[in-house]
Amino acid sequence: MQPLAARALAMPPQGVRVIMDLANQVPDCIRLEVGQPDFPTPPHIVAAAVAAAQDPRWHAYTPNAGIPSLREAIAAKMRAAGAAQVTADWVCVHPGAVAGLASALTALCDPGDQVLVPGLCWPNGALWLQVLGAEPVFYPLHQENGFLPDPDELRRLITPRTKALLTCSPGNPTGAVFPPALVQALYDLCAQHDLWLISDEIYEHIVFSGPHTSPATLDRDGRVIVVSGFSKGYAMCGWRVGYTVSPPPVAQTIIKLQEPLTSCVNAVAQKAAEAALTGPQDCVAAMREAYRQRRDLALAIVREHGLFRYEPQGAFYLLVDVSAAGLDSYAIAKALLAEEQVAVAPGEAFGTGGRGLVRVSLAAAGDAIAEGLRRIARFLRRHGG
Ligand code: PLP
């Protein structure tokens with residue numbers, strides 16, 4: 001038999017999925033590993049999908065870039081947030097932000113190119129860079145600095161091969177939210193060194209205090225590519241709708257790539273996404289408030305057990321320090337599942353910066369979060385904590 005593709009074989013499995021698959025074998029375990037809202041998709045969005053499914057217009061392929069009215073709604077949302085330059089032709093709709101990110105990286109990177117990637121970050125961007133033959137160069141995020149990137153540290157990692165900077169705010173797994181001055185500093189750094197800035201904003205709706213600032217609102221010269229979607233803010237993970245917003249030369253390439261990759265996103269799901277954007281937004285605010293309450297509940301419990309380290313400002317995750325157990329974080333996640341029937345994501349699934357940490361998802365019911373954290377504390381007491 002001919003060998004399989006070396007780059008495909010070399011790509012490691014995604015670490016959160018490893019634990020998810022194990023947790024599927026443990027009936028009744030507490031599921032805090034996956035970043036998926038436990039809320040149902042709001043009813044007006046579901047109703048729009050039902051109507052679309054009954055309408056033969058949405059039984060056909062859509063344009064590669066997405067249904068025009070959805071692209072316009074996304075562009076209007078960007079303009080309302082302050083990115084005045086954005087028009088519908090900047091937008092491409094993808095089957096999830098994950099595909100938007102992979103498409104953007106594919107459009108930008110030749111083999112050997114480097115992309116600066118957070119050293120503690122949702123891993124899929126770095127995995128895809130490996131498949132492309134490009135090189136993720138990890139930049140550190142320090143807890144003492146609220147897990148925010150330091151522009152000076154970033155500057156030191158830039159080489160003639162650096163093509164782009166990838167950022168994620170609010171951050172997964174950190175919950176860090178970039179203050180506007182940092183967004184400006186990162187944008188300026190990219191402008192000085194002529195780098196693309198890929199801004200993953202999938203958690204944009206889940207910020208507990210202060211604004212969400214997109215670098216697209218500062219973009220004078222067309223170097224910012226926004227990746228976002230509907231999974232998190234609208235509880236639509238399974239609908240698989242995300243998007244990229246990029247300046248025309250990039251957008252045209254991303255849209256061209258869509259044909260051999262997926263052709264277009266499921267039309268019914270696109271109509272649901274359009275209803276999400278154009279309909280009432282109180283559901284988004286209600287879910288955000290629930291995540292904030294769960295964060296506060298989780299912080300109270302980690303404080304009680306001496307495990308408090310920092311306060312996430314957005315997204316729906318809390319990193320818990322399990323270094324006292326003295327094992328690598330995969331071993332800890334597996335042991336927690338076996339001994340305490342609680343599933344968490346190993347910190348090292350998010351990069352070497354995740355050593356000694358596990359990520360707890362706050363997108364689960366409050367009772368499950370509270371009980372899961374108590375079990376983690378009990379585990380640590382038993383294992384040297
Ligand atoms: N970006 C980040 C930072 C994420 O955490 C995730 C999913 O967990 C995604 C993108 C992908 O989201 P989607 O469901 O839209 O593909």
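Look a little higher up for the structure.
A short tour of the structure in this document, coming up. Every residue gets a number counted from 1 within its own chain, in the order that chain's sequence is written. Under the rules for a predicted model, residues below a pLDDT of 70 receive no local features and side-chain atom pairs below 80 are neither given nor counted, while totals for whole chains, interfaces and linings still include all residues. As a rule here, side-chain values come from all non-hydrogen atoms in the structure, and water together with hydrogens is ignored.

### So, the site of the ligand
Link 1 in the chain: The cutoff for a nearby residue is simple: one of its non-hydrogen atoms must lie within 4 Å of the molecule or strand. In the neighbourhood of the ligand, the contacting residues comprise Gly-96, Ala-97, Val-98, Trp-122, Cys-168, Asn-172, Asp-200, Ile-202, Tyr-203, Ser-231, Lys-232 and Arg-240.
Link 2 in the chain: A 3.5 Å cut-off defines polar contacts: any pair of N or O atoms within that distance qualifies, except that in protein one atom must be a possible hydrogen donor and the other a possible acceptor, and neighbouring residues in sequence count only when both atoms are side-chain atoms. Interatomic distance of 3.0 Å between a backbone N/O atom of Val-98 and an oxygen atom of the ligand.
Link 3 in the chain: Within the side chain of Ser-231, an N or O atom sits 2.6 Å from an oxygen atom of the ligand.
Link 4 in the chain: What sets the accessible areas is the Shrake-Rupley method with a 1.4 Å probe; for residues, cover comes only from the shown protein chains. For the ligand, whose accessible area on its own is 400 Å², the fraction buried by protein is 92%.
Link 5 in the chain: Residues are grouped as follows: Ala, Val, Leu, Ile, Met, Phe, Trp, Tyr, Cys and Pro are nonpolar; Asp, Glu, Lys and Arg are charged; all remaining types, including Gly, are polar. In terms of residue class, the shell around the ligand is made up of 6 nonpolar, 3 polar and 3 charged.

### A word on the sheet that holds strand 5 (residues 162-168)
Link 1 in the chain: Taken in spatial order, the 7 strands of this open sheet run 2-8-7-6-5-3-4, and their pairing is mixed. Edge strands, defined here as strands with exactly one partner in the open sheet, are strand 2 (91-94) and strand 4 (135-139). Averaged over all neighbouring strand pairs, the angle between strand axes comes to 20 degrees, with direction disregarded.
Link 2 in the chain: Relative to strand 8 (residues 242-245), strand 7 (residues 224-229) runs antiparallel, the two being bridged by 4 bridges. Two strands form a pair only when DSSP identifies at least two bridges running between them. A run of DSSP states H or I qualifies as a helix once it reaches four residues; a run of E qualifies as a strand once it reaches two. Both are numbered from the N-terminal end. Axis lines are fitted through C-alpha atoms, for helices just across the contact stretch, and the angle between N-to-C directions can take any value from 0 to 180 degrees.

### Describing the sheet that holds strand 9 (residues 317-321)
Link 1 in the chain: Strand order in the open sheet formed by 3 strands is 9-12-11, and the pairing between neighbours is antiparallel. The two strands at the open ends of the sheet, each matched to only one other strand, are strand 9 and strand 11 (345-346).
Link 2 in the chain: In this structure, strand 11 lies alongside strand 12 (residues 357-361), joined through 2 bridges in antiparallel fashion. Of the residues in strand 12, the one forming a bridge with Ala-345 is Arg-359.

### Observations regarding helix 12 (residues 329-340)
Link 1 in the chain: The end-to-end C-alpha distance of helix 12 is 15 Å, a good match for the 16 Å that 12 residues give at a rise of 1.5 Å each.
Link 2 in the chain: In this structure Asp-328 caps helix 12, since a side-chain oxygen of it lies 2.9 Å from the backbone nitrogen of Tyr-330.
Link 3 in the chain: Count one or two residues on from helix 12 and you reach Gln-341, which has phi positive near 55 degrees. Multiplying one less than the number of residues by 1.5 Å gives the expected span of a helix.

### Concerning the packing of helix 5 (residues 97-108) against helix 9 (residues 248-261)
Helix packing for two helices is described by the angle between their axes and how far apart those axes are.
Link 1 in the chain: It is at 9 Å that the axes of helix 5 and helix 9 come closest, and there the two elements cross at 115 degrees. Put simply, helix 5 runs roughly perpendicular to helix 9. The chirality of how helix 5 crosses helix 9 is right-handed. Between helix 5 and helix 9, the contacting residues are Ser-103, Ala-104, Thr-106, Ala-107 and Leu-108 on the first element and Val-250, Thr-253, Ile-254, Leu-257 and Leu-261 on the second.
Link 2 in the chain: Residues that form the contact of helix 5 with helix 9 fall into these classes: 7 nonpolar, 3 polar and no charged. For classification, angles of less than 35 degrees are called roughly parallel, those exceeding 145 degrees roughly antiparallel, those between 65 and 115 degrees roughly perpendicular, and all remaining angles oblique. Helix crossings fall into two classes, left-handed where the near helix is turned counterclockwise from the far one by less than a right angle and right-handed where it is turned clockwise. Pairs of residues are marked as contacts when any of their non-hydrogen atoms sit within 4.5 Å.

### Section: the nonpolar core
Link 1 in the chain: Formed by 127 residues in total, the largest nonpolar core has its most connected members in Ile-198, Phe-230, Val-245, Val-320, Val-344, Leu-373 and Ile-376.
Link 2 in the chain: Broken down by element, the residue count for this core peaks at 8 residues, all from helix 11 (residues 282-304).
Link 3 in the chain: Once you skip the residues sitting within four places of it in the chain, Val-344 turns out to touch Ile-19, Leu-32, Glu-33, Ala-333, Leu-336, Val-358, Arg-359, Val-360 and Ile-376. By nonpolar core is meant a set of buried Ala, Val, Leu, Ile, Met, Phe, Trp, Tyr and Cys residues that side-chain atoms within 4.5 Å join together. Buried residues are those whose accessible area, probed at 1.4 Å on protein chains only, stays under 20% of the maximum for their type, while exposed residues exceed 50% and partly exposed ones sit between those limits.

### A few points about the pairing of strand 7
Link 1 in the chain: Burial runs high along strand 7: 6 of the 6 residues are buried.
Link 2 in the chain: Burial of the side chains of strand 7 extends over both faces: Val-224, Val-226 and Ser-228 are buried on one face and Ile-225, Val-227 and Gly-229 on the other.

### Details of the packing of aromatic side chains
Link 1 in the chain: Paired rings are identified among Phe, Tyr and Trp, the last through its six-membered ring, by centres lying within 6.5 Å, and are further divided according to the angle between planes into stacked (under 30 degrees), edge-to-face (over 60) and tilted (the rest). Counted according to the given criterion, the structure contains 8 aromatic pairs.
Link 2 in the chain: Judged by centre distance (5.6 Å) and plane angle (80 degrees), the rings of Tyr-203 and Tyr-317 are edge-to-face. Note that Tyr-203 is positioned in the loop between strand 6 (196-200) and strand 7 and Tyr-317 in strand 9, a separation of 114 residues in sequence. One exposure class covers both Tyr-203 and Tyr-317, and it is buried.
Link 3 in the chain: Of the aromatic side chains, those joined through ring pairs into one cluster are Phe-39, Tyr-203, Tyr-291, Phe-316 and Tyr-317.
Link 4 in the chain: Think of it as a cone above the ring: NZ of Lys or CZ of Arg counts as a charge over the ring if it is within 6 Å of the ring centre and within 35 degrees of the ring normal. The cationic tip of Arg-303 hangs over the ring face of Phe-308; the distance from NZ or CZ to the ring centre is 4.1 Å.

### Structural notes on the state of the cysteines
Link 1 in the chain: Cysteine sulfur pairs qualify as disulfides if the two atoms are within 2.5 Å. For the coordinates displayed, the defined rule picks out 0 disulfides.
Link 2 in the chain: Not part of a disulfide, Cys-92 finds its nearest cysteine sulfur in Cys-264, a span of 10 Å.

### Considering the side chain of Thr-41
Link 1 in the chain: Position of Thr-41 among the secondary structure elements: in the loop between strand 1 (30-31) and helix 3 (43-53).
Link 2 in the chain: Of note is the side chain of Thr-41, whose polar atom sits 2.6 Å from the backbone oxygen of Ala-235.
Link 3 in the chain: Looking at Thr-41, its side chain comes within polar contact range of the side chain of Trp-239, at 2.9 Å.
Link 4 in the chain: Excluding residues within four positions of it along the chain, Thr-41 makes contact with Val-46, Tyr-234, Ala-235, Met-236 and Trp-239.

### Here's the deal with the packing of helix 3 against helix 10 (residues 267-278)
Link 1 in the chain: Closest axis-to-axis distance for the helix 3/helix 10 pair is 8 Å, and the angle between their directions is 145 degrees. In the packing of helix 3 onto helix 10, the handedness of the crossing is right-handed. Contacts between helix 3 and helix 10 involve His-44, Ile-45, Ala-48, Ala-49, Ala-52 and Ala-53 from the first element and Val-268, Lys-271, Ala-272, Ala-275 and Ala-276 from the second.
Link 2 in the chain: The residue inventory of the contact of helix 3 with helix 10, partitioned by class, reads 9 nonpolar, 1 polar and 1 charged.

### Some details on the side chain of Ser-169
Link 1 in the chain: With respect to the secondary-structure elements, Ser-169 resides in the loop between strand 5 and helix 8 (180-192).
Link 2 in the chain: The class of Ser-169 is buried, set by a relative accessible area of 7%.
Link 3 in the chain: Here the side chain of Ser-169 touches Phe-178 through a polar contact of 2.9 Å, landing on its backbone nitrogen.
Link 4 in the chain: Leave out the neighbours within four places in its chain, and Ser-169 touches Ala-176, Val-177, Phe-178, Asp-200, Glu-201 and His-212.

So, to be careful, I would describe these as geometric facts and stop short of saying anything about function.
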